[in-house]
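A look at the structure
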Amino acid sequence: MANNIGFDFTQNVSRALKDKQLRKNFKFAMGNFILKRQQIFPDKNETERLRESGKAIKKRALSKLPHLLEQLEEKCTRNGIQVHWAETTAEANQHVLRIMQAHSATRLVKGKSMVSEEMGLNEFLDQNGIEATETDLGEFIIQLNNEKPSHIIVPAIHKNKKQIAQIFHQKIPATPYTEDVEALNAIARKTLRQKFFDAQIGLSGVNMAVAETGTLCLVENEGNGRMCTTVPPVHIAVMGLEKVVEKLADVPPLLRLLTGSATGQLITTYVNMITSPRKNGEKDGPKEVHLIILDNGRSEILADPELRQTLQCIRCGTCLNHCPVYTRIGGHAYGFVYPGPIGKILNPQVEGLKKAGILATASSLCEACAEVCPVKIPIPQLLRRLRNEAYTREPSCTVKECGCQQNLIDSLAWKGWEVINTRSRLNAIGRKIMGVVGSKIPPLGPLKLWNRYRIPPKFARKSLHQLVKEQGVENE
Amino acid sequence: MKEYPEKPDTVYYFGTCLIDMFYPQAGMAGLNLIRREGIRVIFPQEQTCCGQPAYNSGFFKEAKKVALQQIRLFAEDYPIVVPSGSCAGMMKHHYPYLFAEDSNLDAVKRFSNRIVELSEFLVQVLKIKLEDRGRPVKVTWHSSCHALREMGVIEDSKSLIRQLKNVELVELLNENECCGFGGTFAVKQPDISGAMVADKVEDIRQTGASRLLAGDCGCLINISGAMEYQNLPVKGQHLAEFIWERIDGK
Amino acid sequence: MSNRSRDRILSRLHGAGKQVSSPAAAASDLPFEKLGRDEKIGKLKNFMEAVRTEVHVVDSQNWIEPLKGILKKREIKTLLYAPQTAIGDTLQKHWPGEDENDGLPELVTYLGQIENFKDRLFHTDAAITSTLGGIAETGAVILWPDKKEPRSMSLVPPVHIAVLDADKIFNTFGEAMQTQNWPEKMPTNAVLISGPSKTADIELILAFGVHGPKELIVLILS
C-alpha cells in the first residue's frame with residue numbers, strides 16, 4: 001500500500017508551523033508527557049538499568065528472530081491460534097478480508113493498532129463493503145473526522161476539547177454539543193457499547209508476542225481492547241514481525257518500560273495475555289483466533305547490523321514526546337504512518353529514500369530522543385547513517401534508493417570543505433579573506449535561509465590562529 | 001563515573017572552527033584560563049575543524065579525511081582541551097564510530113580518550129577558583145545539546161557561573177531544549193529551526209537577563225543572531241569569555 | 001499463498017541473521033525489594049487506590065458482610081458470580097433466599113455460552129470474581145479466567161469486585177510468573193487489572209469508566 005504519493009514535507013511543515021492552535025495543543029501535551037515520564041522514572045540509575053535490560057531483551061530477540069517466529073508459530077498453532085504470514089500490507093489486508101468473508105461478516109470492531117494503519121486497513125475494508133469501527137477513544141474521534149492519527153499513543157492529541165465536542169455534535173446522530181469530558185466519554189461509551197455487542201469480528205494489534213508460550217500480550221486503559229478480543233466470536237491480531245520476544249520472563253521489564261514511557265504509568269489498567277481461542281467447556285472468548293504476521297520491509301531492515309536497531313522499537317511514542325521538531329510540527333506533517341524520531345528512521349527504510357528520505361533531514365540531532373528511548377535505539381546515529389546513504393551509491397549501501405540525493409553541488413561543496421580543512425595554509429588564507437569580506441557576502445542560498453530568522457554572524461578580523469600566534473603560544 | 005587525569009603540566013588546545021571564525025576572543029579566554037593555572041598550552045597551528053559539519057550531513061568520507069588530519073597534529077600524550085561540547089563530543093564519541101572499520105582505529109581511540117571539554121577540565125581537573133571583580137549582572141544559561149547529552153558537562157559549566165558572586169543566574173524555563181542550530185539543519189529545515197530559536201529567544205526574554213551564556217558557538221551564532229533579529233538587547237557570550245571578563249583578566 | 005510468503009520472509013530473516021552474532025543472554029530479572037506481607041498489602045492498596053480502585057482489607061473469615069454493605073450502598077440489583085468456586089460457595093451459603101428482600105442483589109450465573117447470555121450479561125450491574133494473586137510493585141490483581149469464571153465477567157458489567165487472598169500478593173510481576181510457573185501452563189486468557197477503565201485521550205484529561213468496568217472493588221482477605 002503506497003503511503004502518501006505526492007507528500008510534500010516542506011508544505012506540511014509550513015502549514016503546521018503557522019497553525020497556532022495545533023502548536024498550542026502539542027506544546028501542552030508533549031510538556032505533560034515529558035513531566036509524566038520524569039515522575040514515573042525518578043531514579044536515574046534504576047532507569048538506566050531498566051533501559052539496558054530492555055535493550056538487551058530486544059537485541060536478543062532480534063538476534064534469533066526467525067527462530068523465535070517459527071517457535072511462536074508452532075506454539076500458537078498447537079494452542080489453536082491460526083497463523084498467517086504477509087510479506088506486504090496488501091497481503092495482510094487480503095488475509096483479513098478472507099477471514100471476514102469466511103464468516104460472512106460486515107462489521108469489525110478494532111482496538112488500536114499502528115500496524116493496521118500501516119495496512120490502510122479501514123479504507124481497504126470500506127472499499128469491500130465492511131464497516132470497521134475504531135473503539136479506542138482517540139482513534140474513534142479521528143475516524144469520525146476522517147483523519148489519520150497524529151501520535152502513536154494518543155491519536156487525537158492534535159485536537160482540543162472544543163474541536164472534539166464539535167466533531168461529536170456533528171458526526172454522531174442526536175448528540176448535543178458539550179465540552180464536558182465526562183459527558184464526551186459517556187457518549188463514546190454508549191455508542192461503542194452497542195458496536196461491541198453487535199460485532200461479528202474483533203481486531204487488535206500486539207504489543208509483545210511471546211515465543212516460549214505462544215502468547216499475545218496487549219496493554220490498554222479503556223477496556224476496548226479486551227472487548228474486541230473477548231466478545232466477538234472471532235479475533236484477528238495483526239503484528240509486525242519484530243514484536244516477538246523470546247520468553248515470558250522478558251515481558252515484565254518491557255511492560256514497565258512501555259507503560260512508563262508511553263503514558264507515564266506504572267501499569268496500564270489492563271494487561272491482556274491471550275494464548276488460545278475458547279477451549280472446550282469455556283463459556284466465552286473468541287472461538288477463532290488469527291495472528292497475521294506482517295513483514296513490510298522489516299526483514300530487509302534486519303539485514304543491516306546497524307539499522308536493525310530500528311526494529312528494537314516497542315512503539316511507546318516517548319521519542320515523539322521529547323522531540324522539539326515533532327512538538328512544533330505535529331504528527332500529520334510527517335506524512336507517513338509513523339511520525340517523530342522513530343518515523344524519521346523507519347519510513348525512509350520502508351518507503352525508500354526518494355520519497356521519505358527528507359524526513360531524515362528534519363532533525364537537529366539534539367539526542368533528546370536517544371536519551372529517553374526505553375530500548376536505547378541510537379536514533380541520531382541512524383539518522384546520520386540514512387543521510388549518508390542518501391548521498392552514497394556503493395555496494396555497501398543497504399537502504400532502498402541509496403544515493404538518490406547525490407548531486408554535483410553538494411559533492412563539490414563538501415569536497416571543497418574537505419580541501420580547505422585538510423590544507424592548513426589554504427585554511428589560513430581562507431580565514432584572512434573571510435575576515436575582510438565575510439560581512440559583504442550577498443545573502444544567497446543557505447545564507448538567505450539563515451537570514452530569514454537571524455542576523456548573520458560577523459567574521460572576526462583576526463582568527464584565533466592569529467591571536468594565538470601573536471601571543472606566542474607554542475605550536476607543538 | 002567519569003575519570004579525570006591529574007593536573008597535567010601540558011595540554012593541547014583545540015580551538016574549533018566556529019571560534020576561529022567568529023569568536024576568537026572566547027578561544028583566547030579559554031586558553032588563558034588554562035595558562036593562568038600555570039599550565040603549558042600547545043596550539044598546533046595547522047588545526048582546522050573536527051569534521052562534524054560533514055559528518056552530520058552524511059558526508060562520512062570527507063569528515064574522516066579532516067578528522068585524520070587533526071589526529072595527526074595532536075600526537076603527544078597530552079590532554080586535548082576543547083571549548084565546545086559538540087566538537088568535544090564529535091572527537092571523543094564519534095571518531096571511534098567513524099573509524100570503526102579503519103586501520104587507524106587504535107590511533108583514533110588514543111586521541112579520543114584524551115579529549116576533555118573546557119568546563120569539565122577547569123572544574124574537575126584544575127579545580128579552578130574564581131574571584132568576581134565585575135559589577136552585578138543577571139545572566140541566563142543555554143545547555144547545548146551535546147554538552148548536555150554527549151559530554152555531560154552542564155553542571156560543571158553552571159558551577160563556574162555560580163562561583164562568580166556578583167552574577168545572578170536565572171535559569172531558562174526550557175534550558176535543555178535544543179536551540180535549533182543543528183549545523184546544516186538550520187538551512188535544510190529553516191522554518192523548523194526558526195521556530196525553535198524563536199522559542200528559545202522568547203524564553204530568554206522572559207528571564208530578564210542581559211547576557212545569554214553558552215559553551216558552544218554553534219548555539220551562540222544561532223541564538224545571538226536571532227536575538228539581534230528580534231531586537232532583543234541581550235548579549236550572547238561564550239562562557240570562557242564571560243569568565244575571563246569577570247575575573248578582570250585582560 | 002501464506003506459505004510461500006512465510007518461506008520468503010523466513011529465508012530473508014535467516015539470511016540476515018548471519019551478519020550478527022548473538023549477544024550474551026541478558027538477565028531479564030532485575031533486582032527487586034522483597035517486602036513483608038503487610039507491606040505488600042499496603043503497597044498494593046496504595047497504588048491501586050491511586051488509580052481509583054476501591055480497596056478493602058477484610059477478615060477472610062467474614063468478607064460477606066462488607067461485600068453486602070458495598071453492594072447495598074450502590075443499589076446493585078444483579079450480581080454475576082460463579083458457582084462451584086470457593087467464593088461462589090461462600091456467597092451462596094450466606095445469601096438470603098429469594099423471598100427475603102434485604103436490598104441485596106439477585107445472584108446471577110452465567111447461563112451457557114456467551115452467545116446465549118450476551119443480552120443478560122450486558123445488562124448485569126456487577127460481577128464478582130476470584131483472583132490468582134496480586135502484584136505489589138505496580139498495584140494490580142491477576143485473573144486467570146476459566147470455565148467457571150469466564151473473562152467477560154471482569155469486563156462487561158460496570159462494577160467488578162475482585163477477591164484477593166492477602167497471602168498471594170507477589171512483590172513483582174516477574175516473581176508471580178516464576179513462583180506460579182506460568183510458562184508451563186498459560187491459560188486461554190490471563191489478565192492483570194489495576195483499576196477501573198479510564199482514558200486521557202481528550203486533552204490528557206483523565207476520565208474514568210470507559211468500556212471496561214466503571215468501578216473496580218478489591219476485597220483483600222487477610
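Residues numbered from 1 in each chain as written. Chains lettered and ligands numbered in written order. Predicted model: local features only at pLDDT ≥ 70, side-chain atom pairs only at ≥ 80, totals over all residues.

**Overview of the overall build of chain C**
Put simply, the rule reads: Strands are runs of DSSP state E lasting at least two residues, helices are runs of H or I lasting at least four, and both sets are numbered from the N terminus onward. Here the C-beta atoms are placed from the backbone, and a residue counts as buried if at least 20 other C-beta atoms lie within 10 Å of its own, exposed if 12 or fewer do, and partly exposed otherwise. Two residues qualify as being in contact provided that their C-beta atoms, derived from the backbone, are within 7 Å of each other.
What chain C contains, in helices and strands, is 6 helices and 12 strands. Each principal axis of the C-alpha atoms in chain C carries an extent, and together these give about 75 × 50 × 45 Å. Taking all 222 residues of chain C together, the buried fraction comes to 47%. The long-range share in chain C, meaning contacts at least 24 apart out of those at least 6 apart in sequence, stands at 75%.

**Some points on the interface of chain C and chain A**
Here is the rule we go by: Residues are grouped as follows: Ala, Val, Leu, Ile, Met, Phe, Trp, Tyr, Cys and Pro are nonpolar; Asp, Glu, Lys and Arg are charged; every other residue, Gly included, is polar. The pairing criterion is simple: DSSP has to find at least two bridges between the two strands.
At the interface, 64 residues of chain C touch 75 residues of chain A. Those elements that place two or more of their residues in the side of chain C that touches chain A are α1 (2-17), α5 (114-122), α6 (173-179), β9 (189-193) and β10 (198-199) of chain C. In terms of residues, the side of chain C that touches chain A owes the most to one element, α1(C), which gives 12 residues. For the side of chain C that touches chain A, the residue count by class is 31 nonpolar, 23 polar and 10 charged. Note: strand β9 (residues 270-274) of chain A against β9(C), 5 bridges, orientation antiparallel. When the sheet's bridge partners are listed, A:Y270 is paired in β9(C) with C:I193.

**What to know about the sheet that holds strand β1 (residues 54-58) of chain C**
Residue and element names in this part refer to chain C. In plain terms, the rule: Simply put, an axis is a line fit to the C-alpha atoms, just over the touching stretch for a helix, and the angle between two N-to-C directions goes from 0 to 180 degrees.
Read from one edge to the other, the open sheet built from 6 strands follows the order β1-β12-β7-β4-β2-β3, with strand pairing classed as parallel. Each of the sheet's edge strands pairs with one partner strand only, and the pair in question is β1 and β3 (106-109). Geometrically, the sheet is characterised by an average inter-axis angle of 25 degrees between neighbouring strands, direction not taken into account. Summarising the sheet, strand β4 (residues 126-130) and strand β7 (residues 159-165) pair through 5 bridges and their orientation is parallel.

**Remarks on helix α2 (residues 37-50) of chain C**
Residue and element names in this part refer to chain C. Selection rule: Helix span, as expected, comes to 1.5 Å for every residue beyond the first.
End to end, α2 covers 20 Å across 14 residues, agreeing with the expected 20 Å (1.5 Å per residue, within 8%). Along α2, the residues classified as buried are K40, I41, K43, L44, K45, F47 and M48. For α2, the elements touching its buried residues are β1, β5 (133-135), β8 (169-170) and β12 (215-221). Looking one or two residues beyond α2, the residue adopting positive phi is R52, at roughly 70 degrees.

**Describing the nonpolar core**
Convention followed: What makes a nonpolar core is a set of buried Ala, Val, Leu, Ile, Met, Phe, Trp, Tyr and Cys residues, with links drawn between C-beta atoms within 7 Å.
Core analysis: the largest hydrophobic core is formed by 292 residues, its most contacted members being A:I293, B:V81 and C:V218. At 7 residues, the largest contribution of residues to this core is made by helix α12 (residues 217-229) of chain B. Among residues more than four places away in sequence, those in contact with B:V81 are B:V11, B:Y12, B:Y13, B:I34, B:V116, B:L118 and B:F121.

**Topic: the domain arrangement of chain A**
Where interface size is given, it is often the accessible area lost as the parts come together that is meant. We count it as follows: Either an automatic procedure or a domain database provided the assignment from which the domain bounds are taken.
Taken as a whole, chain A is organised into domain 1 (15-299) and domain 2 (421-470). With centres defined by C-alpha atoms, the gap from domain 1 of chain A to domain 2 of chain A works out at 53 Å.

**A few points about the interface of chain A and chain B**
In this complex, chain A contributes 54 residues to the contact, which on the side of chain B involves 56 residues. Counting residues per element, the ones that place at least two in the side of chain A that touches chain B are α1 (9-18), α15 (324-329), α18 (368-372), α19 (379-391), α20 (408-422), α21 (424-437), α22 (446-451) and α23 (464-470) of chain A. A class-by-class count of the residues in the side of chain A that touches chain B yields 27 nonpolar, 12 polar and 15 charged.

**Focus on the pairing of strand β3 (residues 131-134) of chain A**
Two faces make up the sheet, and in a regular strand the side chains alternate between them. Residue and element names in this part refer to chain A. Of the two faces of β3, the one lined by A132 and E134 is fully buried and the one lined by E131 and T133 carries no buried residue. As judged from the 4 bridges shared by strand β2 (residues 107-110) and β3, these two strands associate in the parallel manner. Within β3, the residue paired with V109 across the bridge is T133.

**Describing the sheet that holds strand β5 (residues 137-141) of chain B**
All names here are of chain B. Read from one edge to the other, the open sheet built from 4 strands follows the order β6-β5-β7-β8, with strand pairing classed as parallel. Among the strands making up the open sheet, the edge pair consists of β6 (167-169) and β8 (235-238). Going across the sheet, the axis of each strand differs from the next one's by a mean of 35 degrees, ignoring polarity. Pairing between β5 and strand β7 (residues 211-214): 3 bridges, direction parallel. Paired with V139 across the strands is R211, a residue of β7. Against the sheet, helix α13 (residues 239-246) touches β6, β7 and β8, its axis set at about 90 degrees to β8.

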